[in-house]
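A structural walkthrough
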Amino acid sequence: MQLRHGYYHLIAILTVSVWGMTFISTKVLIRHGLTPQDIFFFRFLIAYIGIWIISPRRLLANTVRDELWLAAGGISGGSLFFFLQNVALEITQASNVSFIICTAPLLTTGLSMLFYRSEKVTKGLVYGSLIALAGVGMVVFNGSVILKISPLGDLLTFVAALLWAFYSLIIKKVTGRYSTVFLTRKIFFYGLVTILPAFLLDPLTLDPKVLLLPEVWMNLLFLGVLASLICYVVWNIVIKQLGMMRASNYIYLNPVVTMAAAALILHEQITPVALLGAACIILGVYWAEKKPLYCKKPVTPINKDI
């Protein structure tokens, strides 16, 4: 049953809110000795097992080309996306990573304008995105005037953001031909398969004493069931209903949720600059959704392969 269009905006906000809280769970798991690759593997494994129960039993897509697109989705929106972020965090500052990742909505807009002119492109969306991105900078850097640039780490983070933008395009391409649950299951599968080579460098943590700790398995369940299984399915539906650009715009809210969760759970301080940044993010997202000044007429995509 289709929901009213306005409800998908609320669902997008709730989904991004859950993703904003994954930072806290990841931090807890790292404190217990799990590596970022461990966390991604268990997270997607739990999600894959869960979604297999409700997914159609078909194994492959209709064509080899579609199957390759789904594999690309598992890499761009799963294994390589998370892997590059984790590597970048070891090279550059966390604030740099957080800020650059939030350029994904702008990159999605650019790619959508390049390959899919059928989506509405408004001045309000562009200006709202820029205001929201400026707010992200205030929240992430928290008023600090010290900006340390790490070319390699920042480049890897930018590539990760670009991969998420491509993931959105891939979902846009294949949605409609398959059920959302089937698409999401395939994304999880290829994400799991393609992360395995990373364990050749850093073996998977399988210590039962660690994995059976309540703090560990509860956070893994949160990441696997809610943040992955449910949120990926819902997000793919949101992309289908709202379009890539409008859906991706809500990603700017991620730092706001992370900031609030860190203050409540980790007792981190919220500064006036961060509050101002949060206000800019909310204003920017609202403006992007409520100020359509012009739009392009729907036309056939320039490149049918994207």
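Residues numbered from 1 in each chain as written. Predicted model: local features only at pLDDT ≥ 70, side-chain atom pairs only at ≥ 80, totals over all residues. Heavy atoms only, no water.

As annotated in an unreviewed UniProt entry, the protein chain carries the name DMT family transporter and is attributed to Bacteroides pyogenes. Comment text from UniProt for the protein chain, heading Subcellular location (unreviewed entry), reads "Membrane". Under the UniProt heading Sequence similarities (unreviewed entry), the note attached to the protein chain is "Belongs to the EamA transporter family." (UniProt positions renumbered as here; feature names shortened; annotations may be inferred.)

1. Here we look at the confidence of the model for the protein chain
This prediction gives the protein chain a mean pLDDT of 84; 88% of its residues lie at or above 70. Mean pLDDT per element in the protein chain: helix α4 (residues 94-101) is the minimum at 78, and helix α8 (residues 180-195) is the maximum at 94. The low-confidence segment residues 291-304, where pLDDT is below 50, has 22 contacts with residues more than four positions distant or belonging to other chains. (pLDDT = per-residue confidence, 0-100. Helix = DSSP H or I, 4+ residues; strand = E, 2+ residues; numbered from the N terminus. Contact = heavy atoms within 4.5 Å.)

2. Examining the nonpolar core
Among the nonpolar cores identified, the biggest contains 74 residues, and Trp-164, Tyr-232, Trp-235 and Ile-281 are the most heavily contacted of them. With 13 residues, helix α10 (residues 214-242) is the largest single contributor of residues to this core. Not counting residues up to four positions away in its chain, the partners in contact with Trp-164 are Trp-19, Ser-76, Gly-77, Phe-81, Ala-104, Tyr-232, Trp-235 and Ile-251. By size, the runner-up hydrophobic cluster in this structure holds 10 residues, among which are Trp-69, Phe-182, Leu-183 and Tyr-190. (Core = buried A, V, L, I, M, F, W, Y, C linked by side-chain atoms within 4.5 Å. Buried < 20%, exposed > 50% of the residue type's maximum accessible area, 1.4 Å probe, protein only.)

3. Digging into the environment of Ala-47
With respect to the element layout, Ala-47 can be found in helix α2 (residues 36-54). Put simply, Ala-47 and Leu-223 are 176 residues apart on the chain and 8.5 Å apart in space, counted from C-alpha to C-alpha. Apart from the residues lying within four places of it in its own chain, the contact partners of Ala-47 are Phe-188, Gly-224, Ser-228 and Leu-229.

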